[in-house]
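# Secondary and tertiary structure notes
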Amino acid sequence: MPASDYIVTIGLEVHAQLTTQSKMYCGCKVGYGAPPNSQTCPVCLGMPGAMPTLNEAAIEKTVLTGLMLGCENPEISKWDRKNYFYPDMPKNYQLTQFDLPLCEHGSVPLYDHCYPKDVQKDIPRPGYAVKLTRIHLEEDVGKSTHHEKNTTIDFNRAGTPLMEIVSDPDIRTGEEAFAYLNSLRQILIAGGVSDADMEKGQMRCDVNISLRKTEEEPLGAKIELKNLNSPAAVRRAIHYEIDRQSTELDAGTPQVQCTRRWDDDLGESTVMRSKEDAHDYRYFPEPDLLPIRTAPIVEAMKKLVPELPHEKSQRFVTDFGVTEYDASVLSSDKHLATYFEQAATGAKNTKLVANWVLNDLLSALKESFTEIQDSTQVPAENLRALVDLIESGKISGKQAKNDVFPAMLETGKTAGDIVKEKGLEQVSDTGALEAFCDQVIQENEAIAADVRSGNEKAANALVGRVMKLSKGQANPKVVIGILLEKLK
Amino acid sequence: MSSLTLADAQEQLRSGSLTPRALTESIIAAIEAGDGKIRGYNSFDAEAALAAADTADVSLPLGGLPIAIKDIINVKGEALTCSSKILEGTFTSPYDATVIAKLRAAGAIPLGRTNMDEFAMGSSTENSALGTTKNPWDTSRIPGGSSGGSAAVVSADLALAALGTDTGGSIRQPAALCGCVGLKPTYGRVSRYGAVAFASSLDQIGPMTKTVRDSAMLLNAISGHDAMDSTSLDEAVPDFTAALGKEIKGMKIGLPKEYFIDGIDPEVRAATEAAVKQLESLGAEPVEISLPHTEYATATYYVIATAEASSNLARFEGVRYGHRADAPKDLSDHYMRTRAEGFGAEVKRRILLGTYVLSSGYYDAYYIRAQKVRTLIRQDFSEAFQKVDAILSPTSPVPAFGIGERCDDPLQMYLADIFTIATNLAGICGISVPCGFTKEPKLPIGLQILAPSMQEERLISIADAYEQSTPWHKERPC
Ligand SMILES: [Zn+2]
């Protein structure tokens, strides 16, 4: 049977690095690019006698994430040891949370604009929210580098707070997984809890996927995919895996639980370890840390829950009259949304502001490889002023695009100053324009007659001449008005 | 001068009749002359101690007083072995344990690292990979353990006082067997940060001294909340010396019937009964009580302690520090040979036991059940303390046994701690004070007093009243 006839069940385990100053269980700084092992201490090096302490900021950010995703919190949350030997892991156990994580349940909404562009027109479960199992807090490991004769380990990353977000097996396609990761990223950024860039390793994702023929059957053998470094890679790996499994199932080869490593360059996965190699992690409660009561933290974090991207998007539609799609794009990035909101508030034409932000501004930023929050050349109020000048007819849209905006980008000056400097202000002074119009009518009797006889379209030719006389500074709307009046 | 108590040495330092340097020199001389026989020390840094003595401020609470440190507590810049080959000769402490920082702040001078059972696993120091410490009262016998080195050097006047650690009796049992005072504080009273963990939910650091007063002085310096140890209790620290010299009239002393069993050495039993009489003469009132879950304490302890140890000791694998096997074939060969070569038999036995009880399929039957029994044992004590102010028993069922006598029978060895183990499971505090001697040979006998959590003052009052009314603490091994 074709791959599309199988029921595909997918669950994601996402690890997100939290934006905390210090590590999870010690006071060492979190940061990248420092000399190897310079950001370490007895605790994160697993020295004899060293003991962990809890990073409150990391706990708070995890609880905040839970609130953003509608999670519940067990009354008591505790830490556990996950025991296995691994050279990058100094204590040879990972300090994680086993049966009482900080957050449980909740869901991640799949935003339309977070799907791959090619499927946005045809989303099978529009508005769906993927259910979550849990969110817990643990520590990262160090990093090994293999040389010809030996291996070196940098423990700077060891102990960095990692939030693990585990979804239910509630995803059906690679495209949903793609949308899940992008939507989740936007929410994490909105809450300021993680930068969540998969390509930078700030967010990592393992995929569990199984196939079965009917809903009545139990879930098929769970295949875990690792080494997925972007939402696009996740999508590709899932497509590959669905094809591979369905082909094998069709050929009568049953699937056996295992972990496979995805190679995005080759576009294929290979077996990494089988079920027999699975560790017995011997979880038990961490005796060095006391369990915590979640209620006071939840209460404190409630005040910090930000407006989420989909809520913001809805507000942009209502308050600024922009289209649903534009609103969702504008609200997809915290900084973009802030910029737009500043520019649009008090603007004469908010839809036009949205167009300018999404088209001219974003492509200019893209060309200069600048993030919107780092760009200083065109502050939001300057863009609003530019759009207001267009809207009030002081300059034309064409002038704004070709002359004013590029100069704003280049100099950082306001639109008003540039218009003045360049003498671009459109002439709307009817006295001056009437003189131009009279001159043009005199010089073009034939056309004027045509207009007088009822062919209003012919007036456009006269407008062009008036514009020429005014060296382009006449306001064409005003000009046409005068001409039609005179040629009634 | 090494025979002085802490309190007497302090008086002499403050009066100016003794200088910190002269005191430190005399202890170093005593170690050099006497430790060959006892083997209580794994190492000592005379130079560092003398340098500290030269700048000592005797007005501080422990100013200029050298203290011996069990070789499981990190002292920055000094070798740390835990009496194990896996650290011996390859590890220097990169930091001070909190208790060491506190001792330094109180003006004390850490001097010498005392021998112990490897990673504190044992009751005789015979599990030390570096050599067995001898009992100063009879060098053919063990000093007890695991803090046997600390007990022996205090008893043999090779130290004024020492720090030990107690996971199931490791301070109290060797103190009893060597004839000194050993106090296990309430779990959380003293920071564990920097003491190499054996069983994290049971370990406590405590003083081992010649008198109850000295224990109170040391406890003053090392107690208190520590941000580096989340399990340390955020409670005010009283002046424990204020509990000395108090009347104990009217105090109810519980005698658990489960502790006065067959198998107690007759002389130990007689000494304990005499101690009860003595306390009665001081106005205390003996009351028979029951601790019904006593018989499960040893099994419970060995499940919990070994489970935690199996995980705590995973960090010793030669990747970042410590012994490393030669030319390993691959990573797994490196792990296996490093640990096979580095750990002794008892440590391996406990790691295996602990790994087993945590394994999937066995976890509920062992670890979870042990935690439930632990709760029952804790309840036993809290119910008993509704009726009595303190509980009294022998510290050890037997006096010091001969070196090698119990080595082949780990179960027999585990019984050495039957009266002390439940204390750690309950998290309460306890002390052992000398309460007499066997006749032939003359070996010390210890009396254990237990009090509820955070009631060290009560322990000290009772122990001090008993000590000051009896001659035992004045006797020295010859
Ligand atoms: Zn650190």
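### Examining the overall build of chain B
Along its length, chain B carries 15 helices and 11 strands. Considering only C-alpha atoms, chain B reaches an extent of 70 × 55 × 45 Å along its principal axes. Buried positions account for 62% of the 478 residues belonging to chain B. Sequence-distant contacts in chain B: of pairs separated by 6 or more residues, those separated by 24 or more amount to 76%.

### Quick notes on unusual backbone geometry
The omega torsion across B:Gly145 and B:Ser146 is 5°, close enough to zero to call that bond cis. Structurally, B:Ser146 is set in the loop between strand S3 (109-114) and helix H5 (148-155). Between B:Glu440 and the following residue, B:Pro441, the backbone shows a cis peptide bond with an omega angle of -5°. Positive phi is not limited to glycine here, since A:Arg282 has a value of about 45°. Position of A:Arg282 among the secondary structure elements: in the loop between strand S14 (268-274) and strand S15 (284-285). Owing to 23 C-beta atoms within 10 Å, A:Arg282 belongs among the buried residues under this scheme. Located in the positive-phi region is B:Asp157, a residue other than glycine, with phi close to 60°. What makes B:Asp157 partly exposed here is the crowd of 18 C-beta atoms within 10 Å.

### Focus on the sheet that holds strand S3 (residues 80-83) of chain A
Residue and element names in this part refer to chain A. Pairing is antiparallel in the open sheet, where three strands are placed in the order S4-S3-S15. Of all the strands in the sheet, the pair left with one neighbour each is strand S4 (93-96) and S15. Both S3 and S15 contribute to a ladder of two bridges, which runs antiparallel. Its bridge partner being in S15, Arg81 is matched across the sheet by Phe284.

### A few points about the packing of helix H9 (residues 380-391) of chain A against helix H10 (residues 397-411) of chain A
Residues and elements named next belong to chain A. Closest axis-to-axis distance for the H9/H10 pair is 10 Å, and the angle between their directions is 155°. By the angle between their axes, H9 is roughly antiparallel relative to H10. In this structure, H9 meets H10 at a crossing whose hand is right-handed. Side by side, H9 and H10 meet where Asn382, Leu386 and Ile390 of the first sit next to Gly397, Ala400, Val404, Phe405 and Met408 of the second.

### Some remarks on the domain arrangement of chain B
All names here are of chain B. Segmenting chain B into domains produces domain 1 (6-249) and domain 2 (295-371). Each of domain 1 and domain 2 has a C-alpha centre, and the two are 27 Å apart. On the domain 2 side, the residues contacting the 20 residues of domain 1 number 17 residues. Tallied by class, residues from the side of domain 1 that touches domain 2 come to 10 nonpolar, eight polar and two charged.

About the criteria used
Residues numbered from 1 in each chain as written. Chains lettered and ligands numbered in written order. Predicted model: local features only at pLDDT ≥ 70, side-chain atom pairs only at ≥ 80, totals over all residues. Helix = DSSP H or I, 4+ residues; strand = E, 2+ residues; numbered from the N terminus. Buried ≥ 20, exposed ≤ 12 C-beta atoms within 10 Å, placed from the backbone. Contact = placed C-beta atoms within 7 Å. Pairing = 2+ DSSP bridges. Axes fitted to C-alpha atoms, helices over the stretch in contact; angles between N-to-C directions. Parallel < 35°, antiparallel > 145°, perpendicular 65-115°, else oblique. Left-handed = near helix turned anticlockwise from the far one by under 90°. Domains from an automatic or database assignment. Nonpolar A, V, L, I, M, F, W, Y, C, P; charged D, E, K, R; others polar.

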